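# Tertiary structure, described
What follows is the residue order along each chain.
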Amino acid sequence: MGLVPKIISFPKIGNSSLGYISLAEKESLPFQVNRIYWTYYTPESVERGGHSHLELQQILVAVAGQITVKTEMPGGHKQIFLLDSPDKGLYIPRLCWREMKYTHNAVQICIASLAYSEDDYIRNYDEFLKLKG
Ligand code: T46
């Protein structure tokens, strides 16, 4: 997987009368998983993110509700992704600036490559812009 944000499609097993299972086999993921955490009850007025990570790689999944993710890579390439299905994930490479908005019912799973470390964050946008070039 190249170092750009991209949508990952997870297998979707089942049907509308039985329901569905989606899954992420480790061989299909672009990094070794270290931990998984989830965010929820984010008010619709709140924008989360507003940071990049020096080393952390992640996959975000909206297992319920919808998440709009704006991304920017060093160099200025900007994209907007809509996570609106539990069988869809967004791969976020290291250094990618991200901003997220959530519907009231959204539950975001974050599959992460590394343990939490505040030292891994770039929370200042001007500092992020200096990564360009
Ligand atoms: C990300 C996006 C997609 C902890 O104390 N431990 C933890 O494991 C985490 C993840 C966070 N925190 C603290 C740090 C902050 O004071 O919780 C507060 C909120 O964390 P953060 O600013 O990372 O929150 P989000 O929702 O902006 O970002 C989260 C992930 O944490 C982050 O890695 O990229 O989702």
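These lines cover the structure that appears in this document, whether it is placed above or below. (Residues numbered from 1 in each chain as written. Predicted model: local features only at pLDDT ≥ 70, side-chain atom pairs only at ≥ 80, totals over all residues. Heavy atoms only, no water.)

## Observations regarding the overall build of the protein
Under the convention used in this document: Each helix is a run of DSSP H or I of at least 4 residues and each strand a run of E of at least 2, with the numbering of both proceeding from the N terminus. As defined in this context, the radius of gyration uses C-alpha atoms, and a globule is described by 2.2 Å times the residue total to the power 0.38. The classification of residues rests on relative accessible area computed with a 1.4 Å probe and restricted to protein chains. Under 20% of the type maximum is buried, over 50% is exposed, and intermediate values are partly exposed.
Assigned secondary structure in the protein consists of 1 helix and 12 strands. Its helices and strands taken in sequence order, the protein reads β-β-β-β-β-β-β-β-β-β-β-β-α from the N to the C terminus. Against the 2.2 N^0.38 benchmark of 14 Å for 133 residues, the protein shows a C-alpha radius of gyration of 15 Å, consistent with a compact globule. With the C-alpha coordinates of the protein rotated into their principal frame, the extents come out at 50 × 35 × 25 Å. When the 133 residues of the protein are sorted by exposure, 36% land in the buried category.

## Considerations on the pairing of strand β5 (residues 47–53)
Selection criterion: Here a strand pair is declared whenever DSSP counts at least two bridges between the two strands.
As paired elements, β5 and strand β10 (residues 97–102) share 4 bridges and run antiparallel to each other. Each bridged residue has a counterpart across the sheet, and for Arg-48 the counterpart in β10 is Met-100.

## Describing the pattern of salt bridges
Note the cut-off: Any Lys or Arg side-chain nitrogen found within 4 Å of a carboxyl oxygen on Asp or Glu counts as a salt bridge.
One pass over the structure, following the stated rule, counts 4 salt bridges. Here Lys-88 and Asp-84 are joined by a salt bridge, their closest N and O atoms 2.9 Å apart. The salt bridge partner of Arg-123 is Glu-118, with a shortest N-O separation of 2.7 Å. With relative accessibility at 37%, the residue Glu-118 sits in the partly exposed group.

## A few points about the sheet that holds strand β6 (residues 58–64)
The pairing of strands in a sheet happens through backbone hydrogen bonds and is either parallel or antiparallel. The following threshold applies: Axis definition: a line fitted to C-alpha atoms, limited for helices to the stretch in contact. Angles are taken between N-to-C directions and run from 0 to 180 degrees.
Strand order in the open sheet formed by 5 strands is β1-β9-β6-β11-β4, and the pairing between neighbours is antiparallel. Whereas interior strands pair on both sides, the edge strands pair on one side only; in this sheet they are β1 (6–9) and β4 (35–40). Across this sheet, the average inter-strand angle for adjacent strands is 25°, counted without regard to direction. Relative to strand β11 (residues 107–112), β4 is paired through 6 bridges, and the arrangement is antiparallel. Bridge pairing in β11 links Arg-35 to Ala-112.

## Overview of a nonpolar patch on the surface
This is how the line gets drawn: Patch membership requires over 30% relative accessible area and the absence of a salt bridge. Like charges are linked within 9 Å, and nonpolar side chains (Val, Leu, Ile, Met, Phe, Trp, Tyr) within 5 Å. In these tables, accessible area is a Shrake-Rupley quantity obtained with a 1.4 Å probe, and a residue counts as shielded only by the protein chains included in the view.
Together, Val-33, Ile-36, Trp-38, Tyr-40 and Tyr-41 make up a nonpolar patch on the protein surface, roughly 590 Å² of accessible area in all. Turning to its location among the elements, Tyr-40 is positioned in strand β4. Exposure remark for Tyr-40: the relative accessible area of 42% places this residue in the partly exposed category.

## Describing the site of the ligand
Under the convention used in this document: Residues are classed as near a molecule or strand on a simple rule: at least one heavy atom within 4 Å of it. Pairs of N or O atoms are called polar contacts if they sit within 3.5 Å, as long as, within protein, a hydrogen donor faces a hydrogen acceptor (for residues adjacent in sequence, only side-chain-to-side-chain pairs). All amino acids are sorted into three groups, where Ala, Val, Leu, Ile, Met, Phe, Trp, Tyr, Cys and Pro are nonpolar, Asp, Glu, Lys and Arg are charged, and the leftover types, Gly among them, are polar.
The local shell around the ligand holds 15 residues, among which Arg-48, Gly-49, Gln-58, Arg-98 and Tyr-121 are the closest. Contact between the ligand and Gly-49: an oxygen atom at 2.8 Å from a main-chain N or O atom of the residue. In this structure, an oxygen atom belonging to the ligand sits 3.0 Å away from a side-chain N or O atom of Arg-123. Surface burial for the ligand is 70%, taken as the share of its 640 Å² of free accessible area covered by protein chains. Among the elements of the structure, β4, β5, β6 and β10 are those that each provide at least two residues to the shell around the ligand. A per-class count over the shell around the ligand returns 6 nonpolar, 5 polar and 4 charged.

## Observations regarding the sheet that holds β5
One open sheet accounts for 5 strands, arranged β8-β7-β10-β5-β12; its pairing is antiparallel. Two strands close off the open sheet at either side, each with one partner strand: β8 (78–83) and β12 (121–122). As paired strands, β5 and β12 are joined by 2 bridges and run antiparallel to one another. By the bridge assignment for β12, Ser-52 is matched with Ile-122.

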